[in-house]
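# Descriptive analysis of the structure
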Amino acid sequence: MDAMTASAILADQLTARGLSVKKQDDGTLSVTNPLHDRVGEHVTDSGDCYLTDYGYEIGQHGDEPATADRVAFLLGLPARRQAVTR
């Protein structure tokens with residue numbers, strides 16, 4: 001596995017959920033709902049956690065999938081449905 005930064009891993013997870021992601025020069029991820037480009041959030045890497053624009057801790061390093069789920073929820077994307085096995 002190549003060495004990816006935590007924010008690059010999070011960016012991949014956000015993109016996989018259908019969000020539009022742009023990395024800014026300062027390392028901040030600018031994330032928007034592709035259906036409503038005015039609905040967005042800036043996510044920064046702050047040591048061992050991720051923070052929103054308002055300073056809200058949205059997730060921890062090492063748990064990027066759950067962090068991406070929270071950001072997707074904030075931006076109004078439907079929750080991913082997992083297949084039910086019988």
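These notes cover the structure that comes with them. On a predicted model such as this, the values are computed, not experimentally measured, just so you know.

### So, the overall build of the protein chain
In terms of helices and strands, the protein chain carries 2 helices and 5 strands. Reading the protein chain from its N end, one meets helices and strands in the order α-β-β-β-β-β-α. The burial tally for the protein chain puts 31% of its 86 residues in the buried class. As displayed, the protein chain has an accessible area near 6,000 Å², and 50% of this comes from carbon and sulfur atoms.

### Notes on the sheet that holds strand 1 (residues 20–23)
Spatial ordering of the open sheet is given by 1-2-3-4-5, a layout of 5 strands whose pairing is antiparallel. Across the chains shown, the open sheet's two edge strands, defined by having one partner strand only, are strand 1 and strand 5 (57–60). Each strand axis lies, on average, 25° off the axis of its neighbour in the sheet, ignoring direction. Sheet topology note: the strand 2 (residues 29–33)/strand 3 (residues 36–46) ladder contains 5 bridges and is antiparallel. From the neighbouring strand, Asn-33 faces strand 3, where its bridge partner is His-36. Packed onto the sheet, helix 2 (residues 64–74) meets strand 2, strand 3, strand 4 (49–51) and strand 5 and runs at close to 155° relative to strand 5.

### Quick look at the nonpolar core
Counting 15 residues, the largest nonpolar core has Leu-10, Leu-14, Leu-19, Leu-29, Val-31, Val-43 and Val-71 as its most contacted members. Only helix 1 (6–16), strand 2 and helix 2 provide two or more residues apiece to this core. No other element matches the 4 residues that helix 1 contributes to this core.

### Section: the pairing of strand 2
The element strand 2 is largely enclosed, with a buried count of 4 among its 5 residues. With antiparallel pairing between neighbouring strands as the criterion, strand 1 and strand 2 make up a hairpin whose turn holds 5 residues, including Gly-27 at a positive phi of roughly 95°. In sequence, strand 2 turns back onto strand 3 through a hairpin of 2 residues.

Cut-offs applied
- Residues numbered from 1 in each chain as written.
- Predicted model: local features only at pLDDT ≥ 70, side-chain atom pairs only at ≥ 80, totals over all residues.
- Heavy atoms only, no water.
- Helix = DSSP H or I, 4+ residues; strand = E, 2+ residues; numbered from the N terminus.
- Buried < 20%, exposed > 50% of the residue type's maximum accessible area, 1.4 Å probe, protein only.
- Areas by Shrake-Rupley, 256 points an atom, 1.4 Å probe, with all protein chains shown as cover.
- Pairing = 2+ DSSP bridges.
- Axes fitted to C-alpha atoms, helices over the stretch in contact; angles between N-to-C directions.
- Contact = heavy atoms within 4.5 Å.
- Core = buried A, V, L, I, M, F, W, Y, C linked by side-chain atoms within 4.5 Å.

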